[in-house]
Amino acid sequence: MYLMAIIRDVGDKYKIMRSQIKYHKGYLSFFERSQNVIILYGKNGFVDINKKGLYFFGKQKKSEFINLQFENISPKKQSCGTLSTELIKEKIKETLKNKHSLFEWDLLNYKGEIFNTEISLTQIETKEDYIIEATIVDKTEHLSYKNELEKSNTTLLSITRILSAYLKNGENENVFENVLNEILNLTKSEYGFIGEVVEEKGKSVLITKALTDISWSKESNEIYKQHTRQGIKFSKLNTIYRQIRKSKNIYISNEPKKDSNLYGELREHKVLSSFCGIPLLKENEFIGMIGLANKPDGYTNDILEELKLFIVTSTQLIIDLKTRQKQQKLQEETNNIAKELQQFIETANAPIFGIDAKGKVNEWNQTAEKITRFTKKEVLGKDLVETYITED
């Protein structure tokens, strides 16, 4: 423990009291670095405030805050209807009696907005008069943090549920639909799709893997039916697809009718109020895209942070899908080669037979059957030398 004097020079108008305060070692570091607002209050008003407090109340210097009273940073009345000047006197009196008090309090921030806070008042020992430490927690900020945490947990649970089902059931055609539904709910978007980039005849096209029902007209109903069968293909170079593929950046249009990059039925559709296109990248390679439309208050770049986990999930699902497709294609090619080889062996004009490492027959073609008069069924699995090779 040691004694420290807090002295602030605020000019001719104010003379700041000298308060001998018993500080625990490291208190000053805690005081300035705290993420909560901390104010030191004396008989004549505030005597110190930390950096978080200066930011919260929009002050540049501590001298601007010295000697102010609680009523100077509070609305005239508290939510209970009591005058702030009267109620704070009661709370200070309670603190001096019990050494501590905890209560809810409405404050005004630098914008003049009312913030609901929780204030903890603690009396600090001094040689003269008293000093009260006021720790202020912004309940609005705390609630916002709590809501964000709950949203993150919900997102993680959703992704875990989707991926668990995908891994358990193998390639699931509904996995992209499930991801899209979660994205639409989170962003409050009305329409959306998730697409995969594929190569067709040397051209890059985007094929939808998931699409919301867009049946607002006869034409769009036909498009939606096409998706349910094989996916919609986007390949025109004058579409938004080209813009996103080229820039590899998010594309936002909150005034679709004025946007030349949106075209035809999409731009002219009377209920289309906003659009957002998000590229899915693998090592800077454009492999897919998420398209969203009609978020009530429009889209901003903040959506990238909001959807970060879903963007990563969608990207990995497309990568996995492409890997599966390559493996399936390779397996099909291998099977075709094996069939062709088997066909060649069976129809060859020369006798062809095969044995394994133990000398057992594992192949015997039609010509071998004709020459030896032993059928394939008779010789398979038999020892070739012992059974069919004689000394003669």
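Parameters and conventions
- Residues numbered from 1 in each chain as written.
- Predicted model: local features only at pLDDT ≥ 70, side-chain atom pairs only at ≥ 80, totals over all residues.
- Heavy atoms only, no water.
- Helix = DSSP H or I, 4+ residues; strand = E, 2+ residues; numbered from the N terminus.
- Expected span 1.5 Å × (residues − 1).
- Buried < 20%, exposed > 50% of the residue type's maximum accessible area, 1.4 Å probe, protein only.
- Salt bridge = Lys/Arg side-chain N within 4 Å of Asp/Glu carboxyl O.
- Axes fitted to C-alpha atoms, helices over the stretch in contact; angles between N-to-C directions.
- Parallel < 35°, antiparallel > 145°, perpendicular 65-115°, else oblique.
- Left-handed = near helix turned anticlockwise from the far one by under 90°.
- Contact = heavy atoms within 4.5 Å.
- Phe/Tyr/Trp six-rings, centres within 6.5 Å; stacked < 30°, edge-to-face > 60°.
- Pairing = 2+ DSSP bridges.
- Core = buried A, V, L, I, M, F, W, Y, C linked by side-chain atoms within 4.5 Å.
- pLDDT = per-residue confidence, 0-100.

Peer 1: Just checking my understanding: could you explain helix H5 (residues 175–187) for this structure?
Peer 2: For an α-helix, the turn length of 3.6 residues means that residues three or four places apart are oriented alike. Across its 13 residues, H5 extends 19 Å between first and last C-alpha, which sits within 8% of the 18 Å expected from 1.5 Å per residue. Residues Val175, Phe176, Val179, Leu180, Glu182, Ile183, Leu184, Leu186 and Thr187 constitute the buried set of H5. The positive-phi residue at the C-terminal boundary of H5 is Lys188, with phi of around 60 degrees.

Peer 1: In this structure, what is going on with the pattern of salt bridges? I would like to understand it.
Peer 2: Side chains bearing opposite charge may pair, as long as their charged atoms lie close to each other. Applying the stated criterion across every chain, the model contains eight salt bridges. We note a salt bridge from Glu305 to Lys308, for which the minimum N-O separation is 3.2 Å. A salt bridge links Lys376 to Glu346, with the shortest nitrogen-to-oxygen separation between them at 2.8 Å. Taken together, the residues span a long stretch of sequence, with Lys376 in helix H12 (residues 376–379) and Glu346 in helix H10 (residues 308–347) at a distance of 30 residues. One connected set of salt bridges, linked through shared partners, spans Glu32, Asp48 and Lys62.

Peer 1: How should I be thinking about the packing of H5 against H10 in this particular structure?
Peer 2: The axes of two packed helices give the description: the angle between them and the distance between them. Packing of H5 against H10 leaves a shortest axis separation of 11 Å and a crossing angle of 165 degrees. As judged from the angle between their axes, H5 and H10 are roughly antiparallel. The interaxial crossing formed by H5 with H10 has left-handed handedness. Touching Val175, Phe176, Val179, Glu182, Ile183 and Leu186 of H5 are Phe310, Ser314, Leu317, Ile318 and Leu321, all from H10.

Peer 1: I'm lost on the packing of aromatic side chains in this one. Help?
Peer 2: Aromatic rings in a pair are described by how distant their centres are and how their planes are angled relative to each other. All chains considered together, the criterion is met by nine aromatic pairs. Centre to centre, the rings of Phe56 and Phe115 are 5.6 Å apart; their planes meet at 75 degrees, and the pair counts as edge-to-face. Separated by 59 residues along the polypeptide, Phe56 in helix H2 (residues 51–57) and Phe115 in strand S6 (residues 114–124) bring together distant segments of the chain. The residues Phe56 and Phe115 share a single accessibility class, namely buried. When the ring of Phe103 is compared with that of Trp105, the centres are 5.9 Å apart and the planes differ by 75 degrees; the resulting orientation is edge-to-face. Take Phe103 and Trp105: they sit in the same class, and that class is buried. Members of the aromatic cluster, joined through ring pairs, are Tyr41, Phe46, Phe56, Phe57, Phe65, Phe70 and Phe115.

Peer 1: Looking at this structure, how should I read unusual backbone geometry?
Peer 2: Across residues other than glycine, the phi torsion is negative in most instances, and most of the peptide bonds are trans. Positive phi values are uncommon outside glycine, yet Glu283 reaches one of about 50 degrees. Within the element layout of this structure, Glu283 appears in the loop between strand S12 (275–282) and strand S13 (285–293). One non-glycine residue, Asn294, lies in positive phi territory at about 65 degrees. One can find Asn294 in the loop between S13 and helix H9 (303–306).

Peer 1: Got a minute to help me understand the sheet that holds strand S3 (residues 37–42) in this structure?
Peer 2: Note on sheets: strands pair through backbone hydrogen bonds, and any given pair is parallel or antiparallel. Spatial ordering of the open sheet is given by S4-S3-S7-S6-S5, a layout of five strands whose pairing is antiparallel. Two strands close off the open sheet at either side, each with one partner strand: strand S4 (45–49) and strand S5 (100–108). Strand after strand, the sheet turns through a mean of 30 degrees between neighbouring axes, direction not considered. Across nine bridges, S5 lies against S6 in antiparallel orientation. Pairing of Phe103 across the sheet is with Ile119, part of S6. Seen against the sheet, helix H3 (residues 84–98) touches S3, S5, S6 and strand S7 (131–138) and runs at an angle of roughly 155 degrees to S5.

Peer 1: Is there a simple way to explain the side chain of Thr367 in this structure?
Peer 2: Within the secondary structure, Thr367 is located in helix H11 (residues 366–372). A residue is classified by how much of its surface remains accessible, and Thr367, at 13% relative accessible area, is buried. Setting aside residues no more than four positions away along its own chain, Thr367 makes contact with Ala348, Asn349, Ala350 and Pro351.

Peer 1: Could you clarify how one ought to interpret H10 in this entry?
Peer 2: Here H10 is 40 residues long and its end C-alpha atoms lie 58 Å apart, about the 58 Å a rise of 1.5 Å per residue gives. Among the residues of H10, Phe310, Ile311, Thr313, Ser314, Thr315, Leu317, Ile318, Ile319, Leu321, Ile345 and Glu346 are the ones counted as buried.

Peer 1: Help me out: how do you make sense of the nonpolar core in this one?
Peer 2: Nonpolar side chains in soluble globular proteins tend to be buried together. Ranked by size, the top nonpolar core spans 28 residues in total, and within it Phe176, Ile278, Ile290, Leu292, Ile303 and Leu307 carry the most contacts. Elements that contribute at least two residues to this core include exactly helix H4 (139–169), H5, S12, S13 and H10. Broken down by element, this core gets its largest block of residues, seven residues, from H5. Sequence-distant contacts of Phe176, defined by excluding residues within four places in its chain, comprise Ile194, Lys209, Ala210, Ser314, Leu317, Ile318 and Leu321. Formed by 24 residues, the second largest nonpolar core is a distinct cluster that contains Val37, Ile88, Phe103 and Trp105.

Peer 1: Even after reading the chapter, I still don't get the confidence of the model for the protein, so can you show me in this structure?
Peer 2: It should be kept in mind that the predicted coordinates are not to be read in detail where pLDDT is low. On average, residues of the protein score 79 in pLDDT, and 78% of them reach the 70 mark or higher. Here strand S1 (residues 2–6) stands out as the element of the protein with the lowest mean pLDDT, 32, in contrast to H3, whose mean of 93 is the highest.

Peer 1: Even after reading the chapter, I still don't get the environment of Ile88, so can you show me in this structure?
Peer 2: Relative to the assigned elements, Ile88 resides in helix H3. When its relative accessible area of 3% is taken as the criterion, Ile88 is described as buried. As a C-alpha pair, Ile88 and Trp105 span 17 residues in sequence and 9.3 Å in three-dimensional space.

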